[in-house]
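Below, each chain spelled out in residue letters.
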Amino acid sequence: GNSNSELEVTGKIKCPCGNEFFEIWESNGRQIVKLLCKECKTEYIIFDSGKHGWNGFVCGDDFLDREEPFEKYSCSKCADDTFTLEDWVNAFEWITISLSCKKCGLSDKKWLDLETM
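Fair warning: this is a prediction, and the values are worked out from it, not measured in the lab. (Residues numbered from 1 in each chain as written. Predicted model: local features only at pLDDT ≥ 70, side-chain atom pairs only at ≥ 80, totals over all residues. Heavy atoms only, no water.)

Summed over all chains, the structure comprises 1 aromatic pair. Aromatic side chains Phe-22 and Tyr-44 sit 6.4 Å apart centroid to centroid with 80 degrees between the ring planes, which places their arrangement in the edge-to-face category. Pair noted here: Phe-22 is in strand β1 (residues 22–27) and Tyr-44 is in strand β3 (residues 43–48), with a separation of 22 residues, a long-range link. A residue is classified by how much of its surface remains accessible, and Phe-22, at 16% relative accessible area, is buried. Above the face of the Phe-70 ring, Lys-34 is positioned so that its terminal group lies 4.3 Å from the ring centre. (Phe/Tyr/Trp six-rings, centres within 6.5 Å; stacked < 30°, edge-to-face > 60°. Helix = DSSP H or I, 4+ residues; strand = E, 2+ residues; numbered from the N terminus. Buried < 20%, exposed > 50% of the residue type's maximum accessible area, 1.4 Å probe, protein only. Lys NZ or Arg CZ within 6 Å of the ring centre and 35° of its normal.)

Below you can see the structure in the form of structure tokens.
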């Protein structure tokens, strides 16, 4: 745009294939953001604080976990929150997971013991 400055840049992202619609994926608490073209499936890192942030770019500080998986962002207003009685069996009210070591037999009866409601 014509009104860009050192403090603000606005514009529209358009894939070379011509598409303007993308899935948004984030990692490291939105410190890495990538787009996935919905047409040609090309991925674009549009922000990486370890490379594009002041500390990353100027100071060379990059403490991000590059192994952390990306999570797909979904608009909370447009999310499908339809819930039926048939869905109930797919949700836990409470979950307990017990573990036992195959090698020594040590067991933890409540390794995870969590109310989810």
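Moving on from the model shown.
Okay, the sheet that holds strand β4 (residues 71–72) next. A sheet is described by the order of its strands in space; here 4 strands give the open sequence β3-β2-β1-β4, paired in antiparallel fashion. Sheet topology places β3 and β4 at the edges, where each strand pairs with a single neighbour. Relative to strand β2 (residues 32–37), β1 runs antiparallel, the two sharing 6 bridges. In the strand pairing of β2, Ile-24 is matched with Leu-35. (Pairing = 2+ DSSP bridges.)

Turning our eyes to something else, we now look at the pattern of salt bridges. Enumeration according to the criterion identifies 5 salt bridges in this entry. Residues Glu-23 and Lys-72 are paired through a salt bridge, measuring 3.4 Å at the closest nitrogen-oxygen approach. Taken together, the positions of Glu-23 in strand β1 and Lys-72 in strand β4 put the pair 49 residues apart, joining distant regions of the chain. Take Lys-72: its relative accessible area is 46%, and that puts it in the partly exposed class. Note that Asp-48 is salt-bridged to Arg-66, the shortest N-O span being 2.5 Å. With Asp-48 in strand β3 and Arg-66 in the loop between α2 (54–57) and β4, the pair connects residues that are 18 residues apart, well separated along the chain. Looking at Arg-66, the relative accessible area reads 38%, which means it is partly exposed. (Salt bridge = Lys/Arg side-chain N within 4 Å of Asp/Glu carboxyl O.)

What follows covers the pairing of β1. Between β1 and β2, which follow one another and run antiparallel, lie 4 residues, and Asn-28 among them has a positive phi close to 55 degrees. Here β1 pairs with β4 via 2 bridges, running antiparallel. If you follow Glu-26 over to β4, its bridge partner there is Glu-71.

Glancing now at a nonpolar patch on the surface. Judged by side-chain polarity, Ile-13, Ile-46 and Phe-47 come together as a nonpolar surface patch covering roughly 240 Å² of accessible area. In this structure, Phe-47 sits in strand β3. On the basis of relative accessibility, which here comes to 31%, the residue Phe-47 falls in the partly exposed class. (Patch = residues over 30% accessible without salt bridge, like charges linked within 9 Å, V, L, I, M, F, W, Y side chains within 5 Å. Areas by Shrake-Rupley, 256 points an atom, 1.4 Å probe, with all protein chains shown as cover.)

On to a negative patch on the surface, then. Negative charge collects at one region of the surface, where Asp-65, Glu-67, Glu-68 and Glu-71 lie side by side. Along the chain, Asp-65 falls in the loop between α2 and β4. For Asp-65, a relative accessible area of 39% gives the class partly exposed. (Lys, Arg positive; Asp, Glu negative; His and termini not counted. Charge placed at Lys NZ, Arg CZ, Asp CG, Glu CD.)

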